[in-house]
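Tertiary structure, described
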Amino acid sequence: MNILVTGGAGYIGSHTCVALLEAGHTVIVADNLCNSKAETIDKIKQITNKEVTFYKIDVTDEVALEVVFATHKIDGVIHFAGLKAVGESVENPLEYYYNNLVSTMVLSKLCKKYNVNKFVFSSSATVYGDNKVPFVETMNLLPTTNPYGETKAMSERILTDIAKVNPDFSVALLRYFNPVGAHESGVIGEAPNGIPNNLMPYITKVAKGELDKLRIFGNDYLTVDGTGVRDYIHVVDLAEGHVAALDKLTAGVHIYNLGTGEGTSVLQLVKAFEEANNIEVPYEIVERRTGDIASCYADVRKARNEIGWTAKRGIVEMCRDAWRFEKNHK
Ligand code: NAD
Ligand code: UD1
């Protein structure tokens, strides 16, 4: 299939482009590079030895995006393009609502006009809010504590409503748990701008000596050792989940958790990283971070039963591959 990947130069998008190309699909990327670099497109080509068509455009720009739809016979879209920094979304709500919602609406509009009926959307486990773990797709969603999370819940609703009145429209809402790691080549990975907000990129910067120590946000949660528990998923497994969802997509709306089903605490992840890479990660315990929940992990049965996908890579591979990329990355 010819797949339009919005945000394909980004962290999850680039790994998914590799997985799509390896599965024999053709990839067209639309990305405005607001949080990524054009050289990532070359790296995707380098890893796969395949061609990628790249448009440096903003997905909220309907006129620019229509050129892509008019030029290529697109069979399906995967919509990664979006802003994702939770703290920034609290500071700048309008920018987040505009970018994340208008991009989803413009893309849906053009899908309708050009009769593109397969739509895969990047959602997040954040839409479950502070529900009881493990999170199951059938749960009622709880309000999130920030505009970023709200854009995910709202985009899910917009796509669901569109599908209700368009019987041919097939939508997969993929709720990611915590993507970490990198392609095993060490060529592509996660390279956030500035000081990372998320745990794994922070750990790799500390290991590299660029930050002096990790600050662990709270050790008084009701968890195995008091630190926050998350379901970390290797980004290559996550990428393969998109290919599986696309291949199996049928009319209607299908929601899938993409996680491993295993919870890992902050301290467990730090220890696993130290052991996998034989390197020390100094840390201190500080106050809880506002908006954090104690535990978040997936019930993964639905993706396994319906699209035949399960995560294969464990915490050791996640730590090893994250570190390999960080060491290679200037
Ligand atoms: P990323 O920032 O690395 O990638 C997003 C890409 O979209 C970037 O290349 C950016 O330049 C591009 N982009 C943003 N707005 C755009 C626009 N209006 N037009 C064109 N391009 C635009 O982020 P990521 O981690 O790869 O996340 C991809 C998607 O998955 C996002 O929608 C994010 O919200 C969602 N998600 C990510 C995580 C995570 O932990 N990384 C978790 C849950 C959901
Ligand atoms: C965060 C976002 C969530 C988003 C997800 C994507 C918040 C409040 N939530 O979730 O909306 O979908 O990223 O991956 O930002 N930790 C530390 N020290 C650090 C960084 C993190 O102790 O320097 C802890 C956190 O308290 C948490 C765990 O590590 O227990 C994971 O944190 P993080 O990587 O930021 O992800 P989430 O909080 O799950």
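Residues numbered from 1 in each chain as written. Chains lettered and ligands numbered in written order. Predicted model: local features only at pLDDT ≥ 70, side-chain atom pairs only at ≥ 80, totals over all residues. Heavy atoms only, no water.

An unreviewed UniProt entry lists the protein chain under the name UDP-glucose 4-epimerase, with Clostridium sartagoforme AAU1 given as the organism.

**Things to note about the packing of aromatic side chains**
Inspection of the entire model under this criterion finds six aromatic pairs. Ring geometry for Phe-69 versus Tyr-114: centroids 5.8 Å apart, planes at 40 degrees, classification tilted. Here Phe-69 is found in helix α3 (residues 62-71), whereas its partner Tyr-114 is found in the loop between α5 (93-113) and β5 (118-124), with 45 residues between them in sequence. Overall, Phe-69 belongs to the buried group, its relative accessible area being 3%. Pairing Phe-119 with Phe-169 gives two aromatic rings, centres 6.1 Å apart and planes at 70 degrees, and the pair type is edge-to-face. Of this pair, Phe-119 sits in strand β5 while Phe-169 sits in the loop between α6 (147-165) and β6 (170-176); the two residues are 50 residues apart in sequence, bridging distant segments of the chain. Phe-169 carries the same exposure label as Phe-119, and that label is buried. For the cation-ring pair, Arg-175 lies above Tyr-128, with the distance from its terminal atom to the ring centre recorded as 4.9 Å. In this arrangement the basic side chain of Lys-302 is found over the ring face of Tyr-256, its NZ or CZ atom lying 5.0 Å from the centre. (Phe/Tyr/Trp six-rings, centres within 6.5 Å; stacked < 30°, edge-to-face > 60°. Helix = DSSP H or I, 4+ residues; strand = E, 2+ residues; numbered from the N terminus. Buried < 20%, exposed > 50% of the residue type's maximum accessible area, 1.4 Å probe, protein only. Lys NZ or Arg CZ within 6 Å of the ring centre and 35° of its normal.)

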